[in-house]
Amino acid sequence: MNTDAFALRHIGVQEKDLKKMFEIVGVNDLDELINDTIPEDIRLKEQLNLPEAVSEHEFLTLLQNLSNKNKVFKSYIGLGYHESLTPSVIKRNILENPGWYTAYTPYQAEIAQGRLEALLNYQTMVCDLTGMELANASLLDESTAAAEAMTMLFDVRTRQQKKEGVLKFFVSEEILPQTLSLLETRSTPLGIQLVIGNHENFKFEKDFYGAILQYPGKHGQVHDYSDFVKKAQENEIKVAVAADILSLVLLTPPGEWGVDVVVGTTQRFGIPLGYGGPHAAFFATKEAYKRNIPGRIIGMTKDTDGNPALRMALQTREQHIKRDKATSNICTAQVLLAVMAGMYAVYHGPEGLKYIANKVHTNTKKVAQKLVDLGFEQLNSNYFDTLEVKVGTVHSLRTISESKGINFNYIDDETISISLNEAFSDKDIKPLISCFSDSQRLDEDNDNETYKNVIPEGLKRTSSFLQQPVFNAYHSETELMRYIKKLERKDLALNHSMISLGSCTMKLNAASEMLPLSWANWGNIHPFVPLNQAEGYQLVLKELEEQLNVITGFAATSLQPNSGAQGEYAGLMTIRAYHESRDEAHRNICIIPASAHGTNPASAVMAGMQVVVTKTDERGNIDVIDLEEKVIEHSKNLAALMVTYPSTHGVFESSIKYITQLIHDHGGQVYMDGANMNAQVGLTNPGMIGADVCHLNLHKTFAIPHGGGGPGVGPICVAEQLKPFLPSNPLVTTGGDKAITAISGAPWGSALACLISYGYIKMLGAAGVTDATKIAILNANYIKERLNGKFEVLYTGEKGRAAHEMIIDCRPFKENGIEVTDIAKRLMDYGFHAPTVSFPVAGTIMIEPTESEGLAELNRFCEAMLSIRQEIDEAILENPNNVLKNAPHTLEMVTSDNWDFPYSRQKAAYPLDFVSENKFWPTVRRTDEAFGDRNLICTCTPIEAYAEV
């Protein structure tokens, strides 16, 4: 056994197990299985042109050396990004803990109560600090959250405004530059007209539906917007505010002015800068908009016994279910980062946050006074943490400050801004001030300690916040550590058992890939530093782009999209720009198969395209005849085809090259959804099948952990003709020479998380990434054959093979009164998270084992499924009191003095021998979705108030 080979640690199936598996699957070797599965005409003929694999030790040494090329300056750039201090108890017990970072999105609430509680804390924190009624469980970054606010307010225009075609949206000139770029990106395809100006001169005309303000402004000035909001309301203009969350500890929350939406980022609540992300944005609004809010909301409900339980509220309004009627394609969150930010508030509590905010504000006043005493003009009359300073000429100051390891934000040739943060202390004042005194040879011996009040009485916060017990109970490390552990024990993650989700690829997130995320030289880099200060990052990101180019067979990559849905949108926007560059802006038809992910049609509509749905045939493939008819019908206006490959049904369609050629022949481009890339790497690729652009889910195929529903990274890879249109950033040059405006706030999106995928490819090498694909396909077909005869696989390829996943039909079990949900809940009793339920076909489950699972775990899962099949046979339609309908079974049920069920406690809790060796107890019984939606409670309301409902 080669202990240096990472592939042996990542790929679960051992060499000794292959012969047994081949016998079950009915092949002589892996190559025979792959030949049966993937059409010959799209197979790669040569190994990927990637460097040979390195060992884990070599990789960590390489990352350490690369990190030393980053220059960690004291960055006072601000613009929505600030150095923060991650409490070690949170870093060790959440960020570095697979019990938190390997969990899946909490669709199965009964085994996700810990994460759901942590997110409820986050929502409560956001509502309290913003003064709003409702918050979601986080979004991707502040800029995209602002864009979501613009589009949500567009959707909720009054009937009269829609009738009159009111399209104008006012944007304050105080808005962050990266946010303005995002607003430009999102507004154009929807026909929204941005009007940028000074809020004090705004005329409140009837042809505006909304406005967005920055609080404090981009260079630090704190404005009182209360009159603006009042006049806007009088004129039926809805208002969004992008706010700094730490400032809201001291400043009047926008909710108290009556605004409609408050957005921002929680990055400064203990989340590393990470060269731009991942960070958790917040989105808070009025309860009146609960059916329009993008993303997810966590809410209270009750379980079968009437006990309080948490789950994702209003699930039916999620964007992937609304499809092309959606107003957003965002159906995810930055859960891991939101959990950390929420725990930061739990740990510090209201008094701790006041201390931090006051420390930041007092230090800012000290610096301001010293600059004024030196003779510099400080332009902000009211401020929280940011000063705008006239410095004469910027050049000499910049030279001196960078020589001292300090970054400021350089606004123009004679003006800068300075944003202070939690990590700033008294010892940092002297080096900061010396930059100014040295630049103009001034004496800085003044010790004036008199600081004027720069927050007017009318802007000071008077309302209380975070009075709930959870924010006032865990202020010692011992207490918080135990609270985090208590929540972790309620969640089933990959550190317990396989999570065999179809289309979501829950594979090993190796410790060696994760370790560098905690290193200061990666974590403490501001996204807008000069490139020569981020040389280590630039080398990693450039090499990752090249790796992804090789793997996809494309010419260029943008790492900017910070989720799969953002990648979809970015890919379509490059197609849109390509058509416009050829004077074919009329091409706006996007053809999408009926089986596609719901985010596909939502993304197409957001990109200004009209969706045309094409049928699937009885084998689950694209109906080629129907496709041909629709392509010919829309030939003159055809913009794109969106296709998932292998298909969402887990099949490599042999007609794919004909399909892509058909689209090209009629002037369209082909977008490939990379959700199922785990079945392609090293064996085929999007370029080979004839696609023009794809997005990749680095949080699926390339090992970034799901983190309970985020972070994600969704880069796009493009063919040569689309390369010029890759997205830009207003502050750092990125993208092509005809670049579209920004897709996310940071130039390289969630750059810190990209280290994980870089490590995955680096340690596996060309042979390893290919072997991973082969074993993923083997594992899926092994499960398929083990379950054969007991469960029907809905779709297979022409030779009867599944790709890396399969759909099992559970609809026949309705004869016994059993629904697919019952199977999902019963799997919890066996210690497993359910596979994907009722997608893409209602009444089915979609299973994907990935390459990380070994034969022993595959067998445990198969034994659980076969045991459940026997339980289905025992169920009777007329008598629903059975082990499946009552699942999951909690510890409270099994240890109760009362047992009113017609089966034993042992059958309920320990149905197979292996379960007793590693029992996982669901925390609550089955949750009541409808009750929770009727009685929406999405903050930490006392249980007594909940009971009254």
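Let me begin by describing the structure that accompanies this report.

So, how was this worked out
Residues numbered from 1 in each chain as written. Predicted model: local features only at pLDDT ≥ 70, side-chain atom pairs only at ≥ 80, totals over all residues. Heavy atoms only, no water. Salt bridge = Lys/Arg side-chain N within 4 Å of Asp/Glu carboxyl O. Phe/Tyr/Trp six-rings, centres within 6.5 Å; stacked < 30°, edge-to-face > 60°. Buried < 20%, exposed > 50% of the residue type's maximum accessible area, 1.4 Å probe, protein only. Helix = DSSP H or I, 4+ residues; strand = E, 2+ residues; numbered from the N terminus. Polar contact = N/O pair within 3.5 Å; in protein donor to acceptor, adjacent residues only side chain to side chain. Contact = heavy atoms within 4.5 Å. Pairing = 2+ DSSP bridges. Axes fitted to C-alpha atoms, helices over the stretch in contact; angles between N-to-C directions. Core = buried A, V, L, I, M, F, W, Y, C linked by side-chain atoms within 4.5 Å. Parallel < 35°, antiparallel > 145°, perpendicular 65-115°, else oblique. Nonpolar A, V, L, I, M, F, W, Y, C, P; charged D, E, K, R; others polar. Disulfide = S-S within 2.5 Å. Expected span 1.5 Å × (residues − 1). Bend = angle between axes of the 7 residues up to and from the residue. Left-handed = near helix turned anticlockwise from the far one by under 90°.

What follows deals with the pattern of salt bridges. What the rule picks out here adds up to 41 salt bridges. With its nearest N and O atoms 3.4 Å apart, the salt bridge here joins Glu-584 to Arg-587. What emerges from the salt-bridge pattern is a single network uniting Lys-74, Glu-83, Lys-427 and Asp-428.

Right, let's talk about the packing of aromatic side chains for a bit. For the structure on display, the rule yields 34 aromatic pairs. Where Phe-202 meets Phe-204, the ring centres are 4.8 Å apart and the plane angle is 65 degrees; that geometry is what we call edge-to-face. Note on accessibility: Phe-202 and Phe-204 belong to one class, buried. Taking the centre distance of 5.5 Å and the plane angle of 85 degrees together, the rings of Phe-832 and Phe-861 count as edge-to-face. In this pair, Phe-832 is assigned in the loop between helix H26 (820–829) and strand E24 (836–837) and Phe-861 in helix H27 (residues 855–874), connecting sequence segments 29 residues apart. Summarising the burial analysis for this pair, Phe-832 and Phe-861 share the class buried. Here the aromatic cluster, defined as three or more aromatic residues joined through ring pairs, consists of Tyr-76, Phe-376, Phe-408, Tyr-410, Phe-424 and Phe-436.

Position of Ser-512 among the secondary structure elements: in helix H17 (residues 511–514). Taking relative accessible area as the criterion, Ser-512 reaches 7% and is therefore assigned buried. At 2.6 Å, the side chain of Ser-512 forms a polar contact with the side chain of Glu-56. Setting aside its immediate chain neighbours within four residues, Ser-512 contacts Glu-56, Phe-59, Leu-60 and Met-763.

Next up on the list: unusual backbone geometry. Omega for the bond connecting Gly-277 with Pro-278 falls within 30 degrees of zero, at 10 degrees, which places this linkage in the cis form. Cis geometry is found at the peptide bond from Phe-839 to Pro-840, where omega equals 0 degrees. Residue position: Pro-840 is located in the loop between E24 and strand E25 (844–847). In this structure, Phe-204 takes a positive phi of about 55 degrees despite not being glycine.

Attention now moves to the sheet that holds strand E17 (residues 610–614). Strand order in the open sheet formed by seven strands is E15-E21-E20-E19-E18-E16-E17, and the pairing between neighbours is mixed. In this open sheet, the two edge strands, each paired with only one partner strand, are strand E15 (556–558) and E17. Looking at each pair of strands side by side, their axes are set apart by 25 degrees on average, direction ignored. By the bridge criterion, five bridges tie strand E16 (residues 589–593) to E17 in an arrangement that is parallel. Bridge pairing links Pro-593 to Thr-614 in E17. Its contacts with the sheet put helix H21 (residues 599–606) on E16, E17, strand E18 (638–644) and strand E19 (669–674), and the angle it makes with E16 is roughly 175 degrees.

What follows covers the nonpolar core. The biggest cluster of nonpolar side chains holds 217 residues, and the ones touching the most others in it are Met-125, Tyr-215, Met-343 and Leu-480. Counting residues per element, this core draws most heavily on helix H25 (residues 751–786), at 20 residues. Contact partners of Leu-480, with chain neighbours within four places excluded, come to Val-89, Ile-90, Met-343, Val-346, Tyr-347 and Tyr-474. In this structure, Ala-146, Tyr-209, Ile-297 and Ala-565 belong to the second largest nonpolar core, which totals 35 residues.

Following the sequence through the fold, His-475 ends up in the loop between helix H15 (429–439) and helix H16 (477–488). Note on His-475: relative accessible area 38%, which makes it partly exposed. His-475 sits 46 residues away from Asn-521 along the chain, and the two C-alpha atoms are 29 Å apart. Every residue in contact with His-475, bar those within four places of it in the chain, is listed here: Val-346, Tyr-347, His-348 and Gly-349. Within the local environment of His-475, its side chain forms a polar contact with the backbone oxygen of Tyr-347, the two atoms lying 2.8 Å apart.

What follows is about the sheet that holds strand E4 (residues 193–197). As summarised here, the arrangement of the seven strands in space is E2-E8-E7-E6-E5-E3-E4, forming an open sheet in which the pairing is mixed. Taken across any chain shown, the strands that pair with only one partner, and hence form the sheet edges, are strand E2 (134–135) and E4. Judged from the five bridges that link them, strand E7 (residues 261–265) and strand E8 (residues 281–285) form a sheet pairing that is antiparallel. Bridge pairing in E8 links Val-262 to Ala-284. The strands touched by helix H10 (residues 177–190) within the sheet are strand E3 (168–172), E4 and strand E5 (208–215), with E4 carrying the most contacts at an inclination of about 155 degrees.

Packing of helix H3 (residues 30–37) against H25 leaves a shortest axis separation of 10 Å and a crossing angle of 80 degrees. Comparing their axes, H25 and H3 come out roughly perpendicular. Counted together, Leu-30, Asp-31, Leu-33, Ile-34 and Thr-37 of H3 and Lys-774, Ile-775, Ile-777, Leu-778 and Asn-781 of H25 form the full contact between these two elements. The class makeup of the residues in the contact of H3 with H25 is six nonpolar, two polar and two charged.

Once that is clear, we can look at the state of the cysteines. In total, this model carries zero disulfides according to the counting rule given. Cys-810 provides the cysteine sulfur closest to Cys-862, a residue in no disulfide bond, and the two sulfurs are 14 Å apart. You can call Cys-862 buried: its relative accessible area is 0%.

Take helix H13 (residues 335–373) next. Taking 1.5 Å per residue as the helical rise, H13 with its 39 residues ought to reach 57 Å, whereas the 46 Å between its terminal C-alpha atoms falls clearly short. At Gly-349, H13 shows its maximal bend, which comes to roughly 95 degrees, and the proline Pro-350 appears one to four places after that position. Where burial is concerned, most of H13 is hidden: 30 out of the 39 residues are buried. Phi turns positive, to about 100 degrees, at Gly-375, one or two residues after H13.

Take the pairing of strand E14 (residues 415–419) next. Burial runs high along E14: five of the five residues are buried. Burial along E14 is two-sided: Thr-415, Ser-417 and Ser-419 and Ile-416 and Ile-418, pointing in opposite directions, are all buried. Pairing analysis gives five bridges linking strand E12 (residues 386–390) to E14, with the strands arranged antiparallel. Within the sheet, the bridge partner assigned to Leu-387 lies in E14 and is Ile-418. Relative to E14, strand E13 (residues 406–410) is paired through two bridges, and the arrangement is antiparallel. Bridge pairing in E14 places Asn-409 opposite Ser-417.

Put simply, H13 and H16 touch, their axes get as near as 10 Å, and they point 145 degrees apart. Classified by chirality, the crossing of H16 by H13 is right-handed. Two secondary-structure elements touch here, H13 through Met-343, Val-346 and Tyr-347 and H16 through Glu-477, Leu-480, Tyr-483, Ile-484 and Leu-487. For the contact of H13 with H16, the residue count by class is seven nonpolar, no polar and one charged.

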